[in-house]
Amino acid sequence: MKIHKFISFTLIYLLAAFANDISGQVSNQKKSTLIYKFDIKEEIAPPVWHKTRKAFTEARSLKADIILIHMNTYGGMLESADSIRTTILQSPIPVWVFIDNNAASAGALISIACDSIYMRAGANIGAATVVDQSGKPLPDKYQSYMRSMMRSTAESTRRNPDIAQGMVDSRIRIEGITDTGRVITFTTSEALKYGFCNSEASTIEEILRIARVHNYRIVEQELTVADSIITFLTNPVVSGILIMLIIGGIYFELQTPGIGFPLAAAVVGALLYFAPLYIEGLASNWEILVFVIGVILVIIELFAIPGFGVAGISGLVLIVTGLTLSMIDNVGFDFTGVPMKGVVISFFIVIIASFASLVSSFFLTRKLFGSHTMFGDLALLSTQQSGEGYISADSHYKEMHGKTGSAYSILRPAGKVEIDGEVFDAVADSGYIEKGENVVVRGYENAQLIVRKS
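Peer 1: Would you mind going over helix H5 (residues 140-156) with me for this structure?
Peer 2: Side chains of residues three or four places apart in an α-helix project in the same direction, reflecting 3.6 residues per turn. Its 17 residues place the ends of H5 24 Å apart at the C-alpha level, agreeing with the 24 Å of an ideal helix rising 1.5 Å per residue. Those residues of H5 not exposed but buried are Tyr-142, Gln-143, Met-146, Arg-147, Met-149, Met-150, Thr-153 and Ala-154. The buried residues of H5 occupy an angular sector of 165° when projected down its axis, which confines them to one face.

Peer 1: Could you clarify how one ought to interpret the side chain of Arg-159 in this entry?
Peer 2: Mapped onto the secondary structure, Arg-159 falls in the loop between H5 and helix H6 (161-166). No salt bridge is formed by the buried Arg-159. Its closest oppositely charged neighbour is Asp-115, at 7.3 Å. Side-chain polar atoms of Arg-159 contact the backbone oxygen of Cys-114, separated by 3.0 Å. One polar contact links Arg-159 to Thr-157, side chain to side chain, over a distance of 3.0 Å. Excluding anything up to four places from it in sequence, Arg-159 contacts Ser-111, Ile-112, Cys-114, Asp-115, Ser-116, Ile-117, Ala-154, Gly-195, Phe-196 and Asn-198.

Peer 1: Which parts of the structure should I look at to understand the pattern of salt bridges?
Peer 2: In a structure, side chains of opposite charge can pair up when their charged atoms sit close to one another. Counted under the stated rule, the structure contains 13 salt bridges. Its salt-bridge partner being Arg-151, residue Glu-155 comes within 3.7 Å of it at the nearest N-O pair. One end of the pair is Glu-155 and the other is Arg-151, both in helix H5 and four residues apart, which spans about a single turn. Under the relative-accessibility criterion, Glu-155 is labelled partly exposed at 47%. With a closest N to O distance of 3.8 Å, Lys-453 and Glu-437 form a salt bridge. In this pair, Lys-453 sits in strand E13 (residues 448-453) while Glu-437 sits in the loop between strand E11 (422-428) and strand E12 (438-445), placing the two residues 16 residues apart along the sequence. When its relative accessible area of 28% is taken as the criterion, Glu-437 is described as partly exposed. Sharing partners across several salt bridges, the network here consists of Lys-37, Asp-39 and Glu-220.

Peer 1: Explain the pairing of E11 to me, please; I cannot follow it from the model alone.
Peer 2: Walk down a regular strand and you will see the side chains alternate between the two sheet faces. As paired strands, strand E10 (residues 414-419) and E11 are joined by six bridges and run antiparallel to one another. By the bridge assignment, Ala-414 is partnered in E11 with Val-427. Linking two consecutive strands that pair antiparallel, namely E10 and E11, is a turn of two residues; a positive phi of about 55° is found at Asp-420 within it.

Peer 1: Hey, could you run me through the pairing of E12 in this one?
Peer 2: Two elements, strand E9 (residues 404-407) and E12, share three bridges in a ladder whose sense is antiparallel. Note on E12: the bridge partner recorded for Ser-406 is Asn-438. Here E12 pairs with E13 via six bridges, running antiparallel. Bridge pairing in E13 links Val-441 to Val-451.

Peer 1: How should I be thinking about the packing of helix H2 (residues 46-61) against helix H9 (residues 225-233) in this particular structure?
Peer 2: Packed helix pairs are specified by the crossing angle of their axes together with the interaxial distance, meaning the distance between the axes. With their axes 8 Å apart at the nearest point, H2 and H9 run at an angle of 145° to one another. In contact with Pro-47, His-50 and Lys-54 of H2, H9 contributes Asp-227, Ile-230 and Thr-231. When the residues that make up the contact of H2 with H9 are grouped by side-chain class, the tally is two nonpolar, two polar and two charged.

Peer 1: What's the story with the nonpolar core in this structure? I'm lost.
Peer 2: The tendency in soluble globular proteins is for nonpolar side chains to be buried as a group. Residues Ile-69, Ile-88, Ile-125, Met-146, Met-150 and Met-167 are the most contacted members of the largest nonpolar core, which totals 53 residues. For this core, the element with the most residues is helix H4 (residues 106-113), which contributes six residues. Those residues in contact with Ile-88 that lie beyond four places of it in its chain are Phe-56, Ile-69, Val-95, Ile-110, Ala-113 and Cys-114. Judged by nonpolar contacts, the second largest core, of 22 residues, contains Leu-233, Ile-243, Tyr-273 and Phe-274.

Definitions and cut-offs
Residues numbered from 1 in each chain as written. Predicted model: local features only at pLDDT ≥ 70, side-chain atom pairs only at ≥ 80, totals over all residues. Heavy atoms only, no water. Helix = DSSP H or I, 4+ residues; strand = E, 2+ residues; numbered from the N terminus. Expected span 1.5 Å × (residues − 1). Buried < 20%, exposed > 50% of the residue type's maximum accessible area, 1.4 Å probe, protein only. Arc of directions from axis to C-beta. Lys, Arg positive; Asp, Glu negative; His and termini not counted. Salt bridge = Lys/Arg side-chain N within 4 Å of Asp/Glu carboxyl O. Polar contact = N/O pair within 3.5 Å; in protein donor to acceptor, adjacent residues only side chain to side chain. Contact = heavy atoms within 4.5 Å. Pairing = 2+ DSSP bridges. Axes fitted to C-alpha atoms, helices over the stretch in contact; angles between N-to-C directions. Nonpolar A, V, L, I, M, F, W, Y, C, P; charged D, E, K, R; others polar. Core = buried A, V, L, I, M, F, W, Y, C linked by side-chain atoms within 4.5 Å.

Below you can see the structure in the form of structure tokens.
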């Protein structure tokens, strides 16, 4: 009987020990901290917003315990920084930032939104005045918006809001910190002193040691080839070039008969412009449809309706609207939370790129194939003497002065006319001339007859 009890107690003890060991292993596994890390080491712009959104989505899917941003930036676009800031403030996962040298301007706004800030010795945070591309401060309405964002962000993360807005406005005086009329920029030691840095650290490993995170695993963001292509194509400079390609292609196509390379270039430009914005959720179906309808209206105006009126103007407005709204993070017709500066910047990118495209396209059509250009060899440079039987086309065209004929095609104002059974290139001296209308030749210029209705 005693032997049976001894065996029973021994088995129970072994089972209990085994259970405790398993429980300990499970407990240790649960204590392992998953850290998701990604970098912001470039200008704050739509590509960084794309990378940030992808990072937070992956961190949530991995059930990360901490999101760590490794930062070194001089700032960038306010609307992209605002989107990143909002994402950080609304994140259920704690967000830390390691400032590995600079967190200026938009970088300061993003950093202040984080739950914990760590800085390398010699790093800086601040200087968040809104400036233009030349470095000149923008009007106070932009500074006011930035002050408000910095202040509300600091309040949300329990940091001094007066110091935060002092990083934007040099007029703000804070005793013991700034009384010189300059915006606030903190060194690491100053940020520590005034609560804008949790600790100084040289590496991420040191940060985790200071935070007493010992059992951890770091997952670093890996961008795919598709991500790299999207970040490249959503760069504002690249977007402007693509707009130039779209507008220039349409312009050239309208100047030449048939369907050819210019239209193909415009279509490719439109695909490269809209596709990444659509994938990013910026361009909606209706915004792309607005652009397409605008192009159709312009084509109808040019080929079906005399003059340039309501259809043409409406088409241009819709084209600009579609291109502009596709760059903005709005939801339908709801623009809540969309910074006005972002709308203005997107609008001017479209307008400037379109204007540059039209000017350069007009210049190229006149100069590209001239005798003194890189394609000059395509021109016939040999002399054709009248003694050899050659007759100048100019003299033939000049003989047409005063003759009458009919419009062989619509003149808008350029087109073709038929005179004495011959077809000539012509341009209307004013207005439009419908096909079949009678015309009279008023002159000749640049290998074209100048005609008007007779």
